[in-house]
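What the coordinates show
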Amino acid sequence: MVAINVFDTDHPEEIEAVKRISIESGALGAAVSRHFALGGKGALELAEMVMTAADKPNEFKFLYDLDQPIKSKIETIAKRIYGAEDVSYTTLADQQVKDYEASGFGGLADMHGKNPS
């Protein structure tokens, strides 16, 4: 699905073209979002479309093994999605990752609503 971030200066024909091209390219749909101008009210169409899409069967698979350390997960995403060569961490970020893992949040993506162990 595609979210179209619409501003007052956007022309309706442009918005319709983006919707059409999105769907022709295989998107489930294209929702207009005016959340910057209207707040939550401006994102209702997008939210409803996300809920509809989430209810559809899919073949979602994580890019990484869920039992990998947090940094390995971050590096996999950075390299495979964004084409990064490497990932570096500030001292604070490095400490936060260590704290999350020490608190049992290393497998957060696989918790399925359970408390960390």
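Residues numbered from 1 in each chain as written. Predicted model: local features only at pLDDT ≥ 70, side-chain atom pairs only at ≥ 80, totals over all residues. Heavy atoms only, no water.

This next bit is on the packing of aromatic side chains. For any pair of aromatic rings, the description rests on two quantities: the centre-to-centre distance and the angle between the ring planes. A full pass over the atoms with the stated rule returns three aromatic pairs. Relative to F36, the ring of F7 lies with its centre 6.0 Å away and its plane at 10°, an arrangement referred to as stacked. Placement of the pair is F7 in the loop between strand 1 (2–5) and helix 1 (12–24) and F36 in helix 2 (residues 35–38), with a sequence separation of 29 residues. Residue class for F7 comes out partly exposed when judged on its relative accessible area of 43%. (Phe/Tyr/Trp six-rings, centres within 6.5 Å; stacked < 30°, edge-to-face > 60°. Helix = DSSP H or I, 4+ residues; strand = E, 2+ residues; numbered from the N terminus. Buried < 20%, exposed > 50% of the residue type's maximum accessible area, 1.4 Å probe, protein only.)

In this model, the protein carries a mean pLDDT of 89, and residues with pLDDT of at least 70 account for 91%. Of all secondary-structure elements in the protein, the lowest mean pLDDT belongs to helix 2, at 90, while helix 1 reaches the highest, 96. Below a pLDDT of 50 lies the segment residues 111–117, which in the model reaches six contacts outside its immediate sequence neighbourhood of four places, other chains included. (pLDDT = per-residue confidence, 0-100. Contact = heavy atoms within 4.5 Å.)

Right, let's talk about the environment of L28 for a bit. Examined against the element boundaries, L28 turns out to sit in the loop between helix 1 and strand 2 (30–33). With 38 residues separating them in the primary sequence, L28 and L66 have C-alpha atoms 27 Å apart. Ignoring sequence-local partners within four residues, the contact set of L28 consists of M1, A53 and K56.

Within this structure, the stated rule accounts for four salt bridges. A network of salt bridges, in which partner residues are shared, links K71, D94 and K98. (Salt bridge = Lys/Arg side-chain N within 4 Å of Asp/Glu carboxyl O.)

It is worth spelling out the pairing of strand 2 at this point. Along strand 2, one buried face is formed by A30 and V32 and the opposite face, lined by A31 and S33, is buried too. Direction of pairing for strand 1 relative to strand 2: parallel, over a ladder of four bridges. Across the sheet, residue N5 finds its bridge partner in strand 2, namely S33. Between the parallel pair strand 1 and strand 2, the chain is carried across by helix 1, and the sense of this crossover is right-handed. (Pairing = 2+ DSSP bridges. Right-handed = clockwise from strand over helix to strand, strands pointing away.)

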